[in-house]
Amino acid sequence: MSAYVVRRLLLFVPALVGASMLIFVLMRLVPGDIAEILVYQTGSETSGVQQKQIQRIRQELGLTKPVMVQYLSWMGGAVRGDFGKSYTQRRPVWDILRERFPRSLELPILTLDIALIWAIPLGVLSAVHQNRPLDYLARIASLSGLSIPLFVSGALILYGLVRVFHWIPPLEFVAFTENPLENLKQLIWPALAQAYYISAPITRLTRSQMLEVIRQDYVRTARAKGLAERAVVYRHALRNSLLPVVTFVGWWGGRLLGGLVIREVIFVVPGMGTALVQAVSQRDSPTVQAMVFVMAVVFLVVNLFVDLLYVWLDPRIHYA
Amino acid sequence: MRKTLTMLRRQPLGAAGGVIVLVLIAVAVLAPRLAPHGPKEATFAPYLAPSAEFPMGTDQLGRDVLSRVIWGARLSLYVGLVSVLFGITAGSLWGAVTAYLGGAADTGSQRVVDSVMALPPIILALALMAALGQSVNNVIIALVVLLTPTAARTVRSIALGIIASPYMESARAVGASNRRIIARHLIPNCMAGYIVLVTTNVSYAIVVEASLSFIGAGAPPDEPSWGGMLTAGIQAIETAPWMIFFPGVAISLAVFGLNLFGDSIRDVTDPRLRGGLG
């Protein structure tokens, strides 16, 4: 077990270095760098002056150095928590991260909670009523959830809110610590949009696991000794069906990061996703690199955690 | 023929998915004949509600939404099929060959796969699109980059199982060359996994394309992408809800059909999963 943990941790480093290099190089390939954008925005007259200005800005930002040198100095800062200064916001990227990260952490957690609350009972019901109307209903509901892309369900929820409640996305973001109720009012809709989507696979998985477990000998034993059906289903069967569900949910925890971008854009949540989209369009590479780096770290940590959890939960699994 | 009939009876949901997929293909192929107007033709009044003349209304530039939804099927299917064929094929070959070679080639390629897969897919696609510039073909390139490592990892694990099997050993024992073993024994035996990867990833590719276009990083706004149409619809959500409704239904139906179809292909090709997916 400990050898496995060490091996996984060692693999973590090259993956992170490779991923950050990839993003770094991509951002250097983006046509039209920040120097050009800054200069052409100010709208000076002669192109000779502009060329000089562009050269000066590039020099200042260190964009004239070889990419490898730029990468190493960026990485050197990043490991110490110094991600440089944002080109467009004129403040350290670290400040932007500190402001946006908690908001973007809250949304996936809320989403998972909502999804689990109804997906697991639905999966259990579906399995207990296998091939009866309730089962079909649950399966159709979950399959349709899986087929509606996030931006479609998000747009439909937004339409409902605008039409029925005359709701408009609030301009100011309220932190959970300031006013929990206001905060939840803001985040519940984007959370629901993706909760419907991810509850589909969770329901399907719970159902198929339950179907397998419910035929096991120890479940029959539990029934035979006269336990109530409820106790059999929830105490004996469900507990033993949840293992793959746990891993699956953890795996989704990482994937929710991708969904963040779309949900934050639809519901105007000022989190990491909206900041990333904005930074990409403004060629603000320090911000893009830092955001993607942090997301990659979270993604890798969640995956690692899930793998370890799996080993810990199921003593039958051994890794060499 | 009898085989098809048995499959229809065993996989009714898959057959329903197949019908949806066939309709999608027909609409995509016949788009120029089916669409009453051109997808980029902005000649009508903007924001017209659905009527007999414009069954799905018109958009903010006065384009016929029905025509754009029809052409959108062609764009989605084109992006989905081309990117999956290139990405999954390249990734599968890569995974199979490096698994066979083993050693440094295998470890090295696995570290590359790790690096690409360390990034959340949409985020990587967003960065790629920023570097490449917005166009339909660049979306395909971004998708190929996304799909290749996934396929490489999956096929590698399938290939490792095949390489350990006795018939591979006997092929080596009779002195077959590496090239012959890979081409005649390894690749044909990976085909089932390859087919499953292709069928299950087309809908994924279509959703990624639409998502990228939705956040304004995919196809240029004048292209009839279902995702891009929804973005325009959100701007006018109160005055013209048909602009989000019809493209939304179109993409959901397409993805639903492809998922059902892909699931049943997986059930048929993988006996361990037969009937167990619910």
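Residues numbered from 1 in each chain as written. Chains lettered and ligands numbered in written order. Predicted model: local features only at pLDDT ≥ 70, side-chain atom pairs only at ≥ 80, totals over all residues.

Caption draft 1: Region of interest: the packing of helix H4 (residues 65–101) of chain B against helix H11 (residues 242–269) of chain B. Residue and element names in this part refer to chain B. At a minimum axis separation of 10 Å, H4 and H11 run at an interaxial angle of 30 degrees. What the angle tells us is that H4 and H11 run roughly parallel. With respect to the hand of their crossing, H4 and H11 are arranged in right-handed fashion. Side by side, H4 and H11 meet where Val65, Val69, Gly72, Ala73 and Ser76 of the first sit next to Trp242, Met243, Phe246, Pro247, Ala250 and Ala254 of the second. In the contact of H4 with H11, the residues fall into 9 nonpolar, 2 polar and no charged. (Axes fitted to C-alpha atoms, helices over the stretch in contact; angles between N-to-C directions. Helix = DSSP H or I, 4+ residues; strand = E, 2+ residues; numbered from the N terminus. Parallel < 35°, antiparallel > 145°, perpendicular 65-115°, else oblique. Left-handed = near helix turned anticlockwise from the far one by under 90°. Contact = placed C-beta atoms within 7 Å. Nonpolar A, V, L, I, M, F, W, Y, C, P; charged D, E, K, R; others polar.)

Caption draft 2: Broad picture of the interface of chain B and chain A. Contacts between the two partners involve 39 residues from chain B, matched on the other side by 44 residues from chain A. Elements represented by at least two residues in the side of chain B that touches chain A include exactly helix H5 (103–117), helix H6 (121–132), helix H9 (178–214), helix H10 (226–235) and H11 of chain B. Per element, the largest residue contribution to the side of chain B that touches chain A is 8 residues, and it comes from H6(B). Of the residues that constitute the side of chain B that touches chain A, the class distribution is 26 nonpolar, 10 polar and 3 charged.

Caption draft 3: Layout of the environment of Leu110(A). All names here are of chain A. Note that Leu110 resides in helix H5 (residues 93–128). Residue classification places Leu110 among the buried positions, given that 20 C-beta atoms sit within 10 Å. Excluding residues that lie within four positions of it along the chain, Leu110 makes contacts with Leu187 and Ala191. (Buried ≥ 20, exposed ≤ 12 C-beta atoms within 10 Å, placed from the backbone.)

Caption draft 4: Region of interest: the environment of Thr247(A). Residue and element names in this part refer to chain A. With respect to the secondary-structure elements, Thr247 resides in helix H10 (residues 229–267). Each C-alpha atom, one on Thr247 and one on Phe305, is 9.5 Å from the other, the two residues being 58 residues apart in sequence. Ignoring sequence-local partners within four residues, the contact set of Thr247 consists of Val306 and Tyr310.

Caption draft 5: Quick peek at helix H7 (residues 150–165) of chain A. Taking 1.5 Å as the rise per residue, H7(A) with 16 residues should run 22 Å; its terminal C-alpha atoms sit 21 Å apart, in good agreement. Once H7(A) finishes, His166(A) follows within two positions and takes phi at roughly 50 degrees, a positive value. (Expected span 1.5 Å × (residues − 1).)

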